[in-house]
Amino acid sequence: MTPSKINYEFVRRRCFRRFQKNPILRVSQSGIVSSFHAITAKNYWHLYLNRNEMDAYLGEALKPGDVVLDIGGSVGAYTVPIAKFVGSSGSVHVFEPEPESWLALNRNIALNNLTNCFVHELAIGSNDGSVTFFVRPEKDTHSIFEKSLAVSPTGRLDRLEVPIRSIDSLIRDGVVPLPNFVKVDVEGAELEVLSGMKETINQVRALYIECHDTLEADMRLGNPIDVVSAHLVTLGVTNIRKVDSNHIVALIS
């Protein structure tokens with residue numbers, strides 16, 4: 001076993017022990033310190049591992065005073081530091097349809113005394129209506145897809161009917177303002193989200209997108225970054241930067 005693997009397992013076990021004693025932890029994300037109330041030991045571990053991912057877009061793509069759409073907010077791991085970074089002159093509209101995560105998201109916003117966050121209990125896609133949302137207990141891979149490589153350890157899969165909206169229709173109806181920056185983390189539904197932004201995407205400064213393995217492993221579409229990048233090109237977005245094996249930044253205007 002390599003030292004990196006030994007350290008990784010050590011950190012995981014330490015986080016699980018700490019969660020049992022106190023589920024609240026403080027995390028520094030690109031120098032922005034936030035507090036979180038973890039909902040599971042695994043969630044505590046994931047929050048602890050969040051470090052400098054925001055370095056990929058701070059300053060150039062995301063600026064103080066920005067209006068941000070956080071699509072796939074989960075418990076607020078990025079909602080909270082982004083809200084702190086954009087400050088009181090900016091705002092974050094965050095979307096999370098899974099009830100337990102939605103409650104944790106609201107709790108973590110309150111824990112950090114944020115007043116510039118607006119939480120929408122919605123899924124985001126290409127059209128308006130309702131959709132079956134699949135919840136995997138003890139995992140953070142809830143999505144609109146029944147298949148996943150990251151299944152619940154118990155094999156449990158819950159189904160919820162949740163409202164779904166497109167970003168274009170939300171902006172058209174005045175539910176959310178036109179954003180400067182959009183963060184997308186939707187467990188394989190990236191193409192659906194982007195297809196629902198055809199009217200407005202070229203008025204946004206930048207997008208930060210997790211390109212999920214589901215696109216390749218379950219949907220057989222090909223390499224996730226290549227698939228999402230190609231879709232962005234069809235929407236007129238060509239300045240696309242690969243951050244790592246799973247994330248891209250697209251600079252638009």
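As the structure is a prediction and not an experimental result, all values here were calculated from the model.

A.B. asks: I'd like a rundown of the nonpolar core, residues and numbers included.
C.D. replies: By size, the foremost hydrophobic cluster in this structure holds 37 residues, and its most contacted members are Leu25, Tyr57, Ile82 and Phe181. Not counting residues within four places of it along the chain, the set of residues in contact with Phe181 comprises Tyr57, Ala61, Leu62, Asp66, Val67, Val68, Leu69, Val204, Ala206 and Tyr208.

A.B. asks: Before we move on, can you summarise the sheet that holds strand 7 (residues 129–135) with the specific residues and values?
C.D. replies: The strand order 6-8-7 describes an open sheet built from three strands, whose pairing is mixed. Two strands close off the open sheet at either side, each with one partner strand: strand 6 (123–124) and strand 7. In this sheet, strand 8 (residues 158–165) lies alongside strand 7 in antiparallel orientation, the contact comprising seven bridges. Its bridge partner lying in strand 8, Val135 is registered against Asp158.

A.B. asks: Tell me about the sheet that holds strand 11 (residues 239–242), and please be specific about residues and values.
C.D. replies: Two modes of strand pairing occur in sheets, parallel and antiparallel, and in both the strands are linked by backbone hydrogen bonds. A sheet is described by the order of its strands in space; here seven strands give the open sequence 5-4-3-9-10-12-11, paired in mixed fashion. Single-partner strands in this sheet number two, and they are strand 5 (117–120) and strand 11. Adjacent strand axes in the sheet meet at a mean angle of 15° when their direction is disregarded. Here strand 9 (residues 181–184) runs beside strand 10 (residues 206–210); their pairing, made up of four bridges, is parallel. Note that in strand 10 the partner of Val182 across the bridge is Leu207. Strands strand 4 (91–95) and strand 5 of the sheet are contacted by helix 4 (residues 99–111), whose axis makes an angle of about 170° with strand 5. Across the sheet, helix 8 (residues 224–234) is in contact with strand 10, strand 11 and strand 12 (247–251); its angle to strand 12 comes to roughly 15°.

A.B. asks: So, the pattern of salt bridges: which residues are in play, and what are the values?
C.D. replies: Tallied over the entire structure, the rule returns eight salt bridges. The salt bridge partner of Arg13 is Glu9, with a shortest N-O separation of 2.8 Å. Residue Arg13 and its partner Glu9 are both found in helix 1 (residues 3–21); the two are separated by four residues, about one turn of the helix. Notably, a salt bridge pairs Arg205 with Asp66, separated by 2.5 Å at the nearest N-O pair. Of this pair, Arg205 sits in the loop between helix 6 (190–195) and strand 10 while Asp66 sits in the loop between helix 2 (41–49) and strand 3 (67–71); the two residues are 139 residues apart in sequence, bridging distant segments of the chain. In this structure Arg205 comes out as buried when scored by relative accessible area, which is 18%. Owing to a relative accessible area of 3%, Asp66 belongs among the buried residues under this scheme. Three or more residues joined by partner-sharing salt bridges are found here, namely Glu9, Arg12 and Arg13.

Quick notes on the rules
Residues numbered from 1 in each chain as written. Predicted model: local features only at pLDDT ≥ 70, side-chain atom pairs only at ≥ 80, totals over all residues. Heavy atoms only, no water. Core = buried A, V, L, I, M, F, W, Y, C linked by side-chain atoms within 4.5 Å. Buried < 20%, exposed > 50% of the residue type's maximum accessible area, 1.4 Å probe, protein only. Contact = heavy atoms within 4.5 Å. Pairing = 2+ DSSP bridges. Helix = DSSP H or I, 4+ residues; strand = E, 2+ residues; numbered from the N terminus. Axes fitted to C-alpha atoms, helices over the stretch in contact; angles between N-to-C directions. Salt bridge = Lys/Arg side-chain N within 4 Å of Asp/Glu carboxyl O.

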